[in-house]
Amino acid sequence: MSKFFYSVACILFFIVGGCKNEADKSSVSTEEVVEKQEKTIKTNAQQEPWTGQQLLEPRDLAQIVGNSQDSLVIFSLGAGGIIPGSKDTGPSGEEQSLNNLKKELEKLPKDSDIVIYCGCCPFDICPNVRPAFALLNEMHFTNHQLLNLRDNIKVDWIDKGYPVAN
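How each quantity is defined
Each chain carries its own residue numbering, running from 1 in the direction its sequence is written. Reporting of local features is limited, given that this is a predicted model, to residues whose pLDDT is at least 70; pairs of side-chain atoms are given and counted only at 80 or more, and all residues count toward the totals for whole chains, interfaces and linings. Calculation of side-chain values draws on the structure's entire complement of heavy atoms; hydrogens and water are dropped beforehand. Think of it this way: any DSSP run of H or I at least four residues long counts as a helix, any run of E at least two long counts as a strand, and we number them from the N terminus. Note on classification: 1.4 Å probe, protein chains only; a residue is buried when its accessible area is under 20% of the maximum for its type, exposed when over 50%, partly exposed between these limits. Whether two residues are in contact is decided by their heavy atoms, any of which lying within 4.5 Å being enough. In this description, accessible areas are obtained by the Shrake-Rupley approach with a 1.4 Å probe, and a residue is regarded as covered only by the protein chains that are shown. A residue's pLDDT is the predictor's confidence in that residue, given on a scale from 0 to 100. Here the nonpolar core consists of buried residues drawn from Ala, Val, Leu, Ile, Met, Phe, Trp, Tyr and Cys, with membership extended through side-chain atoms lying within 4.5 Å. The rule for pairing is simple: two strands pair if DSSP sees at least two bridges between them. Ring pairs are drawn from Phe, Tyr and Trp, using the six-membered ring of Trp, whenever the two centres fall within 6.5 Å, and their geometry is named by plane angle: stacked under 30 degrees, edge-to-face over 60, tilted for the rest.

A. Seen up close, the overall build of the protein chain. Along its length, the protein chain carries 6 helices and 5 strands. Going from N to C terminus, the protein chain has its helices and strands arranged as α-α-β-α-β-β-α-β-α-β-α. Among the 166 residues that make up the protein chain, the fraction classed as buried is 34%. The long-range fraction of contacts in the protein chain, counting pairs at least 24 apart against all pairs at least 6 apart in sequence, stands at 67%. Per element, the accessible surface of the protein chain, about 10000 Å² overall, is 53% carbon and sulfur.

Here's what the structure looks like:
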């Protein structure tokens, strides 16, 4: 949702900027304003290293965690190993922790089913999820997802009664 408001703010900035330039007798065409708006929207959409299809809803992961036959690999990037079976590699915003994650990933086949999560804060401002997801992309993993914790691990997982590690 915040991306939407950011995009709208950028569009308004360009429109107002274009109008102001027109008032100043500077030559700014409507086509230039539209082109800048489209470029801004595309840039915002391309900022995240994951796609919408790579976001996994907590309820879906909770069902998978309950199925002991699943071969899913789950990495915690900073919130600790709260989800049962997850491996805590530390906050991936820090170089050493990102290296810990890389060492764990080097042991896995590229088609492994992998979920990463942090949960320290909403992931739109989280310092840990982007470096980790980018690493998965760079290492050419093909089945990786980000747990969609919109607020944090407490609100989106624990408070919903999903399983937690002991």
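B. Structural view of the confidence of the model for the protein chain. Put simply, the protein chain has an average pLDDT of 78, and 70% of its residues get 70 or more. Of the regions scoring below 50 in pLDDT, residues 1-27 engages in 21 contacts with residues more than four places distant in sequence or in other chains. Throughout residues 37-45 the model reports pLDDT below 50, and contacts reaching past four residues in sequence, or to other chains, amount to 8 contacts.

C. Representation of the nonpolar core within the structure. Within the largest apolar cluster, 21 residues are counted, with the highest numbers of intra-cluster contacts made by Phe75, Leu77, Leu105, Ile114, Ile116 and Val129. For this core, the secondary-structure elements that each account for two or more residues are β2 (73-76), α4 (95-106), β4 (113-117) and α5 (129-138). Tallying contributions element by element places α5 first for this core, with 5 residues. Counting 11 residues, the second-largest nonpolar core is a separate cluster that includes Leu61, Val115, Leu147 and Ile153.

D. Quick peek at the sheet that holds β4. One open sheet accounts for 5 strands, arranged β1-β5-β4-β2-β3; its pairing is parallel. Edge positions in the sheet fall to β1 (55-56) and β3 (87-88), since each has one partner strand and no second. The pairing of β2 with β4 spans 4 bridges and is parallel. Each residue of the ladder has a partner; that of valine 73, found in β4, is isoleucine 114.

E. How the structure looks around the packing of aromatic side chains. Overall, the coordinates contain 2 aromatic pairs when judged by the stated rule. Taken together, a centroid distance of 5.7 Å and an interplanar angle of 75 degrees make the contact between tryptophan 50 and phenylalanine 133 edge-to-face. In this pair, tryptophan 50 is assigned in the loop between α2 (30-46) and β1 and phenylalanine 133 in helix α5, connecting sequence segments 83 residues apart. As far as burial versus exposure is concerned, tryptophan 50 and phenylalanine 133 are alike and both buried.

F. Structural context of the environment of valine 155. Position of valine 155 among the secondary structure elements: in helix α6 (residues 153-156). Taking the C-alpha atoms as reference points, valine 155 and glycine 119, separated by 36 residues in sequence, lie 9.2 Å from one another.

G. Main features of unusual backbone geometry. Positive phi outside glycine occurs at histidine 140, with the angle close to 65 degrees. Structurally, histidine 140 can be placed in the loop between α5 and β5 (143-147). A residue is classified by how much of its surface remains accessible, and histidine 140, at 59% relative accessible area, is exposed.

H. Inspection of the environment of glutamine 47 at higher detail. Note that glutamine 47 resides in the loop between α2 and β1. Considering only alpha carbons, one finds glutamine 47 and arginine 130, 83 residues apart in sequence, at a separation of 9.7 Å.

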